[in-house]
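A structural walkthrough
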Amino acid sequence: MANIKSQIKRIKTNEKARLRNKAIRSSLKTSVRKFRDVLAGGDQKAIATELRNASQALDIAVAKGVIHSNQAANKKSSMAKTAQQAGVR
């Protein structure tokens, strides 16, 4: 454990940020997983809804600085491509 007061504070803030990032990343993975599950089902309205939800979750993660914007763009692009192959516009 650190002896310096400012370093003790940094450890606390880093832990808070780590937990916040972990929660955002977990919800992001859940939304992408829901999209993949619905994609396997084949319901086009549900696919469109889950695609929209997953895209919003990716945008939120980028805004919070959890993931890089290019990573979000790649995921959104691949999800849109698979949704289009499933017949969703």
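See above for the structure.
The paragraphs below set out a description of the structure included in this document. (Residues numbered from 1 in each chain as written. Predicted model: local features only at pLDDT ≥ 70, side-chain atom pairs only at ≥ 80, totals over all residues. Heavy atoms only, no water.)

This paragraph deals with the side chain of Glu50. Here Glu50 shows up in helix H2 (residues 44-64). Lys34 provides the closest opposite charge to the buried, salt-bridge-free Glu50, at an N-O distance of 5.5 Å. (Helix = DSSP H or I, 4+ residues; strand = E, 2+ residues; numbered from the N terminus. Buried < 20%, exposed > 50% of the residue type's maximum accessible area, 1.4 Å probe, protein only. Lys, Arg positive; Asp, Glu negative; His and termini not counted. Salt bridge = Lys/Arg side-chain N within 4 Å of Asp/Glu carboxyl O.)

Turning our attention to a positive patch on the surface. A surface patch of positive charge is lined by Lys5, Lys9, Lys12, Lys16, Arg20 and Lys64. Looking at the positive patch, the element that brings in the most residues is helix H1 (residues 5-41), giving 5 residues. Here Lys64 lies in helix H2. (Patch = residues over 30% accessible without salt bridge, like charges linked within 9 Å, V, L, I, M, F, W, Y side chains within 5 Å. Areas by Shrake-Rupley, 256 points an atom, 1.4 Å probe, with all protein chains shown as cover. Charge placed at Lys NZ, Arg CZ, Asp CG, Glu CD.)

What follows is about H1. Spanning 37 residues, H1 covers 55 Å between terminal C-alpha atoms, matching the ideal 54 Å at 1.5 Å per step. In this structure, the buried residues of H1 make contact with H2 and helix H3 (69-85). Immediately beyond the C-terminal end of H1, within one or two residues, lies Gly42, with a positive phi of roughly 100°. (Expected span 1.5 Å × (residues − 1). Contact = heavy atoms within 4.5 Å.)

Our next topic: H2. An α-helix turns once every 3.6 residues. As a result, residues three or four positions apart point the same way. The terminal C-alpha atoms of H2 lie 30 Å apart, and with 21 residues this matches the ideal 30 Å at 1.5 Å per residue to within 8%. On its buried face, H2 is in contact with H1 and H3. After H2 finishes, the residue Gly65 shows a positive phi value of roughly 85°.

As a further point, take the nonpolar core. In this structure, Leu28, Phe35, Leu58, Ala61, Ile67, Met79 and Ala83 are the most contacted members of the largest nonpolar core, which totals 16 residues. By residue number, the principal contributor to this core is H2, which donates 6 residues. If we skip the residues at most four places from it in the chain, Leu28 touches Ala57, Leu58, Ala61 and Ile67. (Core = buried A, V, L, I, M, F, W, Y, C linked by side-chain atoms within 4.5 Å.)

Now for the pattern of salt bridges. Inspection of the entire model under this criterion finds 2 salt bridges. Two residues, Glu15 and Arg18, come together in a salt bridge whose shortest N-O distance is 2.8 Å. Within this pair, Glu15 and its partner Arg18 are both found in helix H1, separated by 3 residues, close to a single helical turn. Residue classification places Glu15 among the partly exposed residues on the basis of a relative accessible area of 36%. The class of Arg18 is partly exposed, set by a relative accessible area of 43%. Put simply, Asp59 and Lys76 hold a salt bridge, and the shortest N to O gap is 2.8 Å.

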